[in-house]
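Examination of the molecular architecture
So the chains spell out like this:
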Amino acid sequence: MSGRCYILPLLGGLCGECTQDADCDGGGCSAPDPFHAGPSQCNAGELGGGCENDAVCQEGLVCATTLDLLAGLLSLKTCGECVDDDACEAGELCAPNLTVSEFKGQMECVTAGSMPLDAFCTLGPAGDAACMSGKCSEVSIMDIETVGACGECTADADCQGGTCEAGALDLNAGVLTGSRCV
């Protein structure tokens, strides 16, 4: 009815309000929710609103890739506070704040050591520093893609005699679980 079919590679198309930012007045186009078949929607460029570039984001926000899976086949670009750590104040890190089950989120400046278990994190030293546990562990998605999740361990040595069980991302339910010591 809208005349707009937003294509999600590998998943197909969903009818919605928009397929690109140009379809929306004064804001951007938020991608459809692939987990609940929710439609694409126009937004006002607010925090977490979908975008293709900075021009549609409200003042003080930037358009950043919040989630990028399978070399861009399933990606989420939204208006957020930062693109990298340089945009944040001293003692803060740029980190993804995602709710995969709703296919929503944004990049935010967070205090070091503030991200809880099972939160998305950026793999590497900055991700480790952002997690309360100090461990941003790799989570393999079908042995095709890797994302970071705050977990309890990155190796068995972190588990005081136990075993480090890898985290998982359930794409059907959109639930991320970080690594655990078992």
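Residues numbered from 1 in each chain as written. Predicted model: local features only at pLDDT ≥ 70, side-chain atom pairs only at ≥ 80, totals over all residues. Heavy atoms only, no water.

**Some details on the overall build of the chain**
A count of helical and extended segments in the chain gives 1 helix and 15 strands. Taking 2.2 N^0.38 as the reference for a compact globule, 182 residues should give roughly 16 Å; the C-alpha atoms of the chain span a radius of gyration of 17 Å, in line with that estimate. Along the longest, intermediate and shortest principal axes, the C-alpha atoms of the chain span 60 × 35 × 20 Å. Within the chain, the fraction of its 182 residues that count as buried is 42%. Sequence-distant contacts in the chain: of pairs separated by 6 or more residues, those separated by 24 or more amount to 39%. Of the roughly 9200 Å² of accessible surface on the chain, 50% is carried by carbon and sulfur atoms. For the chain, the separation between the mean place of its 5 positive charges and that of its 28 negative charges on side chains is 4 Å. (Helix = DSSP H or I, 4+ residues; strand = E, 2+ residues; numbered from the N terminus. Rg over C-alpha atoms; globule rule 2.2 N^0.38 Å. Buried < 20%, exposed > 50% of the residue type's maximum accessible area, 1.4 Å probe, protein only. Contact = heavy atoms within 4.5 Å. Areas by Shrake-Rupley, 256 points an atom, 1.4 Å probe, with all protein chains shown as cover. Lys, Arg positive; Asp, Glu negative; His and termini not counted. Charge placed at Lys NZ, Arg CZ, Asp CG, Glu CD.)

**Some words on the sheet that holds strand β10 (residues 136-141)**
Taken in spatial order, the 3 strands make up an open sheet running β9-β11-β10, and their pairing is antiparallel. Strand pairing shows two members of the sheet lacking a second neighbour, β9 (120-121) and β10, which therefore form its edges. The pairing of β10 with strand β11 (residues 145-150) spans 6 bridges and is antiparallel. From the neighbouring strand, I141 faces β11, where its bridge partner is E145. (Pairing = 2+ DSSP bridges.)

**A look at the state of the cysteines**
This model, assessed by the stated rule, comprises 10 disulfides. A sulfur-sulfur separation of 2.0 Å characterises the disulfide bridge that pairs C131 with C150. Across the disulfide from C131 to C150, rotation about the S-S bond amounts to roughly -80 degrees, and the bridge is consequently left-handed. Of this pair, C131 sits in the loop between α1 (125-130) and β10 while C150 sits in strand β11, and the two are 19 residues apart along the sequence. Two residues, C153 and C164, share a disulfide whose sulfurs are 2.2 Å apart. The chirality of the disulfide connecting C153 with C164 is right-handed, given an S-S dihedral of about 90 degrees. Taken together, the positions of C153 in the loop between β11 and β12 (164-165) and C164 in strand β12 put the pair 11 residues apart, joining distant regions of the chain. The cysteine C5 is free of any disulfide, with C15 supplying the nearest cysteine sulfur at 5.5 Å. (Disulfide = S-S within 2.5 Å.)

**Examining the environment of G49**
In this fold, G49 is placed in the loop between β4 (41-42) and β5 (62-69). Of the residues examined, G49 reaches a relative accessible area of 1% and is grouped as buried. Separated by 101 residues in sequence, G49 and C150 have C-alpha atoms that sit 25 Å apart. Setting aside chain neighbours within four positions, we find G49 in contact with S30, N43, K77, T78 and C79.

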